[in-house]
Each structure stands twice: as structure tokens, then as C-alpha cells.
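# Coordinate analysis (summary)
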Amino acid sequence: MTDQRGFSLAELLVACVIIALILGGVLILQWQGQQAYVAGAARVEVQQNARLALDMMTTELRLAQSVTAVGSTCNNTTAGTNDITVSTWDGTSSSWASVRYRLNGITLERNGSALIGGVQSLTLVCYDANDSATATAADVRSVTVSLTTQDEQTSASAGPSNQHATGQSRARLRNL
């Protein structure tokens with residue numbers, strides 16, 4: 001005959017506790033992995049937004065024939081302005097076109113159309129031929145563009161999806 005006693009209550013409880021500890025550890029690892037993914041995806045989004053906007057703005061500034069309008073604080077190297085209009089070459093119609101960049105709330109606009117969202121700050125500082133800050137549009141020879149972006153869907157002030165990226169570039173107007 002074989003022994004048919006089975007497991008005691010104490011043995012079953014010990015086995016349940018061990019299984020619960022293992023499942024708890026697996027759950028914590030899963031949660032941390034998910035949080036790392038959310039943070040990484042948000043970081044990539046804000047960096048791509050900043051890079052896209054900086055590249056587009058500096059390219060058009062470098063091709064600009066002239067700066068036609070700037071905000072009154074474009075000569076303030078600390079605060080700068082968040083609005084600039086340039087006359088740049090339009091490759092599709094082979095003519096000069098007016099392009100206006102401005103920050104409207106958290107949206108960076110190009111000629112009134114949204115370029116990117118989630119812009120926390122945009123600072124444009126204008127310089128003349130002597131590298132002195134100027135607010136006179138006709139004297140502008142180069143522009144420093146500083147841009148800080150954040151995730152467009154940020155809901156909490158802290159958390160893995162609350163990422164920020166800052167970029168800065170200086171563009172010399174070459175068509176002058």
C-alpha cells in the first residue's frame with residue numbers, strides 16, 4: 001500500500017506564501033519596466049519636437065533675405081522675444097515669401113499654422129553685424145533660437161511622462 005496522507009495545512013500555507021512573494025517580485029519588475037518605457041518614449045517625443053523646430057527655424061533663417069519684424073524685446077539677451085518674421089526664399093514658387101514664427105500658448109506656429117505643440121518656451125535674440133543685441137529688424141544679421149519643449153499630454157507635474165528638452169542654435173542670415 002501507498003501512503004495517502006497528502007499535504008498538511010502548514011505546508012500549503014508555506015507554498016502559498018512563497019508563490020505570493022515570487023508573483024509580487026514579478027509584478028514590481030513589470031511595473032518598473034513599463035515606467036521606464038513611458039519615460040523613454042516621452043523623452044524621445046520632446047527631443048524630436050525640439051530638434052524639428054530648431055532645424056526648420058535655423059534653416060529658414062539662414063536662407064532669409066531679411067528680417068522684416070521682430071518683437072520689441074529681441075535685443076534682451078535674457079528674455080528675448082517669441083515672435084519673428086523673415087523674408088525667405090520659397091523654392092516652390094521661386095520667389096521671396098514672408099514667414100512668421102511665433103509662440104501661441106504652448107504651440108509654435110509658422111505662418112499661423114501649428115508647427116509643434118508642447119513648447120514651454122521660445123526665446124529669440126537678434127544680433128547686428130557687430131554681434132550686439134538689437135531690436136531693429138533692418139539691422140539683424142543673426143538670431144539665437146532657444147526652445148524648451150515638454151510632452152504635449154503631460155497631466156501630472158511629476159512622473160515618468162513629464163519630460164523636457166532644451167535646444168539652442170544660432171543662425172546667421174546668409175543672403176544679406
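This text gives an overview of the structure that appears in the document. The structure displayed is predicted, hence computed values, not measured ones. (Residues numbered from 1 in each chain as written. Predicted model: local features only at pLDDT ≥ 70, side-chain atom pairs only at ≥ 80, totals over all residues. Heavy atoms only, no water.)

## Some details on the packing of aromatic side chains
- Overall, the coordinates contain 0 aromatic pairs when judged by the stated rule.
- When the ring centre of Y127 is taken as reference, the NZ or CZ atom of R170 above it lies at 3.9 Å. (Phe/Tyr/Trp six-rings, centres within 6.5 Å; stacked < 30°, edge-to-face > 60°. Lys NZ or Arg CZ within 6 Å of the ring centre and 35° of its normal.)

## Describing the sheet that holds strand 2 (residues 83-90)
- Pairing in this open sheet of 5 strands is antiparallel, and the strands run 1-2-3-4-5 from one edge to the other. Both outer strands of the open sheet, strand 1 (64-70) and strand 5 (113-116), are each paired with one neighbouring strand and no more. Across this sheet, the average inter-strand angle for adjacent strands is 30°, counted without regard to direction.
- Here strand 1 pairs with strand 2 via 5 bridges, running antiparallel. What sits directly across from S66, in strand 2, is S87.
- The strands touched by helix 1 (residues 9-62) within the sheet are strand 1, strand 2, strand 3 (95-104), strand 4 (107-110) and strand 5, with strand 5 carrying the most contacts at an inclination of about 115°. (Pairing = 2+ DSSP bridges. Helix = DSSP H or I, 4+ residues; strand = E, 2+ residues; numbered from the N terminus. Axes fitted to C-alpha atoms, helices over the stretch in contact; angles between N-to-C directions. Contact = heavy atoms within 4.5 Å.)

## With respect to the state of the cysteines
- For the structure on display, the rule yields 1 disulfide.
- Two residues share a disulfide in this structure: C74 and C126, whose sulfurs sit 1.8 Å from each other. Between C74 and C126, the S-S torsion sits near 70°, and that sign places the bridge as right-handed. Taken together, the positions of C74 in the loop between strand 1 and strand 2 and C126 in strand 6 (residues 119-127) put the pair 52 residues apart, joining distant regions of the chain.
- Here C74 falls in the buried class, since its relative accessible area comes to 0%. (Disulfide = S-S within 2.5 Å. Buried < 20%, exposed > 50% of the residue type's maximum accessible area, 1.4 Å probe, protein only.)

## Digging into unusual backbone geometry
- Phi is positive for N111, which is not a glycine, with a value near 55°.
- Mapped onto the fold, N111 is located in the loop between strand 4 and strand 5.
- Using a relative accessible area of 41% as the deciding quantity, one classes N111 as partly exposed.
- The phi angle at D131 is positive, at roughly 65°, despite the residue not being glycine.
- Within the secondary structure layout, D131 lies in the loop between strand 6 and strand 7 (142-150).

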